[in-house]
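Chain residues, written in single-letter form:
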Amino acid sequence: MQPIKITDVLKEEEVKDLIDNIPDLKDAFLDGPRFRYIKDNDYITNLGKHLEPLAKKVFKENNIKSSYSIYCKYFGKANMNMHKDDNACTYTIDLCIRQTEPWGLWVEDKEFILNPNEALCYMGNDQTHGRYPKDLGPDGSVELVFFHYVQPDHWFFKDN
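Residues numbered from 1 in each chain as written. Predicted model: local features only at pLDDT ≥ 70, side-chain atom pairs only at ≥ 80, totals over all residues. Heavy atoms only, no water.

S.K.: Is there a simple way to explain the state of the cysteines in this structure?
M.R.: Note on terminology: disulfide describes a covalent bond linking the sulfur atoms of two cysteines. Going through the model one piece at a time under the given rule, you end up with zero disulfides. With no disulfide of its own, Cys89 has Cys72 as its nearest cysteine by sulfur position, at a separation of 11 Å. Given the relative accessible area of 2%, Cys89 is considered buried. Left unpaired, Cys96 is separated from the closest cysteine sulfur, that of Cys72, by 12 Å. (Disulfide = S-S within 2.5 Å. Buried < 20%, exposed > 50% of the residue type's maximum accessible area, 1.4 Å probe, protein only.)

Listed below in structure tokens is the structure:
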């Protein structure tokens, strides 16, 4: 499957609700080498479930279910090495929430630029993806939510 970029992922009021419900970062996981905070909350989890119909349509898979969703805020000398995911992320919707400047997402040697409320849909476990290092400066940031989906018989659901 080729990555699919979608615009206007959320309705205007949903974007406002998402911004109002961004997780508090005071107790977030700080991934220092990548210059990012990672956090989830019930709102982010429920939004992933809410987007299941979109995921089913985009990926042309009627049985997929939301596995987990996380909010990430990249800052400073942000980077995300090229990789394939090894968690419950067969199908990924990478949603840009807000940013001080665009930061290209590469999937299989092709760059995609996302603006707020745009997402890239790709196969997280199968396609090499990442972002080349970018100095966002002392006040810059890129905020994203990663929504992940898998088949119902995935190991993720056997333990949950």
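S.K.: Mind showing me how you'd approach the side chain of Ser141 here?
M.R.: Along the chain, Ser141 turns up in strand 11 (residues 141-150). On the accessibility criterion, Ser141 (9% relative accessible area) is buried. If sequence neighbours within four positions are ignored, Ser141 has contacts with Lys73, Tyr74, Phe75, Arg98, Gln99, Thr100 and Leu136. (Helix = DSSP H or I, 4+ residues; strand = E, 2+ residues; numbered from the N terminus. Contact = heavy atoms within 4.5 Å.)

S.K.: Help me out: how do you make sense of the nonpolar core in this one?
M.R.: For soluble globular proteins, the rule of thumb is that nonpolar side chains tend to be buried together. In terms of nonpolar packing, the biggest core is built from 24 residues, with Leu10, Leu18, Phe59, Ile93, Phe147 and Tyr149 touching the most fellow members. Looking at this core, the elements with two or more residues in it are helix 1 (12-20), helix 2 (42-50), helix 3 (52-59), strand 6 (91-99), strand 9 (119-122) and strand 11. Element by element, the count of residues in this core is highest for strand 6, at four residues. In contact with Leu10, other than residues within four places in its own chain, are Val15, Leu18, Leu47, Leu51, Leu95 and Asn117. Listed in part, the 18 residues of the second largest apolar core include Leu105, Val107, Leu114 and Leu136. (Core = buried A, V, L, I, M, F, W, Y, C linked by side-chain atoms within 4.5 Å.)

S.K.: What is the right way to read the packing of helix 1 against helix 2 from this model?
M.R.: Packed helix pairs are characterised by how far apart their axes lie and by the angle those axes make with each other. Two elements in contact, helix 1 and helix 2, have axes separated by 10 Å at closest approach and are oriented at 155 degrees. With respect to helix 2, the axis of helix 1 lies roughly antiparallel. The two elements helix 1 and helix 2 meet at a crossing, and its hand is left-handed. Contacts from Glu14, Asp17 and Leu18 of helix 1 reach helix 2 at Tyr43, Ile44, Leu47 and His50. The residue inventory of the contact of helix 1 with helix 2, partitioned by class, reads four nonpolar, one polar and two charged. (Axes fitted to C-alpha atoms, helices over the stretch in contact; angles between N-to-C directions. Parallel < 35°, antiparallel > 145°, perpendicular 65-115°, else oblique. Left-handed = near helix turned anticlockwise from the far one by under 90°. Nonpolar A, V, L, I, M, F, W, Y, C, P; charged D, E, K, R; others polar.)

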